[in-house]
Amino acid sequence: MLQPIAGSGGICNTRVVYGNDFGVPDSLLDQVDEAERALAEAARSDLGAEPDGTDEVAKQAYFDAVIAADQKIEPRDWMPEGYRKTLIRQIAQHAHSEIIGMQPEGNWITRAPSLKRKAILLAKVQDEAGHGLYLYAAAETLGVSREELVDLLLQGRQKYSSIFNYPTLTWADIGAIGWLVDGAAIVNQVPLCRSSYGPYARAMIRICKEESFHQRQGYEILYTLSHGTPAQREMAQDAVNRWWYPSLAMFGPPDSESTHSEQSMAWRIKRFSNDELRQRFVDMCVGQAEVLGLTLPDPNLRWNEERQAYDFTPPDFGELMRVISGDGPCNRQRMAHRRRAHSEGAWVREAAAAYAAKRARRATEGRATGESGPDRASDALAGAA
């Protein structure tokens, strides 16, 4: 997609953005493809039938065997209540983040510097809405409705990613979000394509494929700016300076302070710890920053030969906790906007529900009388009235 936009592969090194980055043995996108093949293999495998009846011990043993065999738990399978609640919390937070995350970038749709940039950004923001819908649908398979989850968000009882509580001050911020924020999301989300819960894993495969475009578009924006005028280069560097540490914080608190990671890894909902993923992200970004000609704002960033990884300054986890608790630069603004949009969109939800109810009623009446026929265009208008 971005090679034609960049003009040629030599102008913008987008080919090394999404995986296979500067020594990484296999690309992140290859890992998504491998996870998709593993899902197909899991569907063909047979661990025997789940025990019938109410024997909780036998059901737990079967659940443990499925997890140990690296197979998938499906919606109709028995699962521990803790597993179900953990999935609802994680998937809901992820879905909320996709929806709230539309705001900082949507802020620049009308101010994009060209029609081409506007079209690309519109496509990206639209993708984020779709990702939220995939994830809400996955959560609904666990017995919770989308309406419940949205209400919990609006009441402040569920969270979204802290990164979206920072402002987008310049056009370069859109590039930094694409490269760093979406890049961190990809590093975090690609292992989720192998999540033990089938609907979540399947949703993540599609999401990660689309996220590859998002990171590339951000990287290309920064490349263009960093190789433009001195003012454009300064704008790009400023954006990287402001978004680097919040992006590192996206992986969550350090492992020693993480509340959920150990159990989630035991259940294979997630595959790697917060600190492992954060290290992967840093190691991947260093070479990419060199291609951009920009500097990562960490004086302690240096290669550690013994660890075969980069030493780096961790983010301010105190700031992370403050932002999560609602004291970030844009928390109140983001939630006020979401509540207002939810309220103003009530008539759309009501009209859609009325139309769905009308179609269901007509289908029931048709079966009772043996009649059937195509829907008329006027039905939609009448049902929405």
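Residues numbered from 1 in each chain as written. Predicted model: local features only at pLDDT ≥ 70, side-chain atom pairs only at ≥ 80, totals over all residues. Heavy atoms only, no water.

Chemist: Which parts of the structure should I look at to understand the overall build of the protein?
Modeler: The secondary structure content of the protein amounts to 16 helices and 2 strands. A separation of at least 24 residues holds for 75% of the contacts in the protein among residues at least 6 apart in sequence. (Helix = DSSP H or I, 4+ residues; strand = E, 2+ residues; numbered from the N terminus. Contact = heavy atoms within 4.5 Å.)

Chemist: I would appreciate a short explanation of the state of the cysteines in the present structure.
Modeler: Joining two cysteines, a disulfide is a covalent bond between their sulfur atoms. For the coordinates displayed, the defined rule picks out 0 disulfides. For the unlinked cysteine cysteine 193, the closest cysteine sulfur is that of cysteine 208, found at 3.8 Å. Judged by relative accessible area, cysteine 193 falls into the buried class, the value being 1%. (Disulfide = S-S within 2.5 Å. Buried < 20%, exposed > 50% of the residue type's maximum accessible area, 1.4 Å probe, protein only.)

Chemist: Please clarify how the side chain of asparagine 331 should be interpreted in this entry.
Modeler: Structurally, asparagine 331 is set in helix α14 (residues 331-344). Assessed through its relative accessible area of 8%, asparagine 331 is described here as buried. For asparagine 331, the side chain forms a polar contact with the main-chain oxygen of valine 323, separated by 2.8 Å. Asparagine 331 has contacts with Tyr160, Asn165, Val323 and Gly326, leaving out every residue within four places of it along the chain. (Polar contact = N/O pair within 3.5 Å; in protein donor to acceptor, adjacent residues only side chain to side chain.)

Chemist: Teacher, can you tell me more about the packing of aromatic side chains here?
Modeler: Given two aromatic rings, their pairing is described by the distance between the two centres and the angle made by the two planes. Applying the stated rule across the entire model yields 9 aromatic pairs. Ring centres of phenylalanine 63 and tryptophan 78 lie 6.2 Å apart, and the angle between their planes is 85 degrees; on these two criteria the pair is classed as edge-to-face. Note that phenylalanine 63 is positioned in helix α3 (residues 56-68) and tryptophan 78 in the loop between α3 and α4 (81-100), a separation of 15 residues in sequence. A relative accessible area of 1% places phenylalanine 63 in the buried class. Residues tryptophan 244 and phenylalanine 281 carry aromatic rings whose centres are separated by 5.8 Å and whose planes lie at 20 degrees to one another, so their mutual orientation is stacked. One end of the pair, tryptophan 244, is in helix α10 (residues 230-249); the other, phenylalanine 281, is in helix α12 (residues 274-292), and 37 residues separate them in sequence. (Phe/Tyr/Trp six-rings, centres within 6.5 Å; stacked < 30°, edge-to-face > 60°.)

Chemist: How do you make sense of the pattern of salt bridges when you look at a structure like this?
Modeler: Pairing of side chains with opposite charge becomes possible as their charged atoms draw close. The final tally for this structure, using the stated rule, is 13 salt bridges. The salt bridge partner of lysine 124 is glutamate 105, with a shortest N-O separation of 2.4 Å. Of the two residues, lysine 124 sits in helix α6 (residues 115-140) while glutamate 105 sits in helix α5 (residues 102-106), which places them 19 residues apart along the sequence. Judged by its relative accessible area of 2%, glutamate 105 is buried. (Salt bridge = Lys/Arg side-chain N within 4 Å of Asp/Glu carboxyl O.)

Chemist: Sorry if this is basic, but what is going on with the nonpolar core here?
Modeler: Nonpolar side chains tend to gather and get buried jointly when the protein is soluble and globular. Counting residues in hydrophobic clusters, the biggest one holds 83 residues, and the most contacted among them are Tyr83, Trp179, Trp243 and Phe281. If one sorts the elements of this core by residue count, helix α8 (residues 171-189) sits on top with 11 residues. Not counting chain neighbours up to four residues away, the residues in contact with tryptophan 243 comprise Ile163, Tyr166, Pro167, Thr168, Asp173, Ala176, Ile177, Leu180 and Val181. (Core = buried A, V, L, I, M, F, W, Y, C linked by side-chain atoms within 4.5 Å.)

Chemist: Would you mind going over unusual backbone geometry with me for this structure?
Modeler: Where the residue is not glycine, phi is negative for most of them; where a peptide bond is considered, it is trans in most cases. Even without a glycine there, the phi angle at aspartate 70 is positive, about 60 degrees. The topology assignment puts aspartate 70 in the loop between α3 and α4. Aspartate 70 gets classed as partly exposed once you look at its relative accessible area, which sits at 30%. A positive phi angle, close to 60 degrees, is found at arginine 268, a residue other than glycine. Its location among the elements puts arginine 268 in the loop between α11 (261-266) and α12.

Chemist: What should I look at first to understand α14 in this one?
Modeler: Helical geometry note: an α-helix holds 3.6 residues per turn, so side chains three or four residues apart project in the same direction. Between the first and last C-alpha of α14 there are 20 Å, a value that for 14 residues agrees with the 20 Å anticipated at 1.5 Å per step. Listed in full, the buried residues belonging to α14 are Asn331, Arg334, Met335 and Arg338. Projected onto a plane normal to the axis of α14, the buried residues spread over an arc of 90 degrees and lie on a single side. For α14, exposure combined with an orientation more than 90 degrees from the buried face picks out Arg332, Gln333, Ser343 and Glu344. (Expected span 1.5 Å × (residues − 1). Arc of directions from axis to C-beta.)

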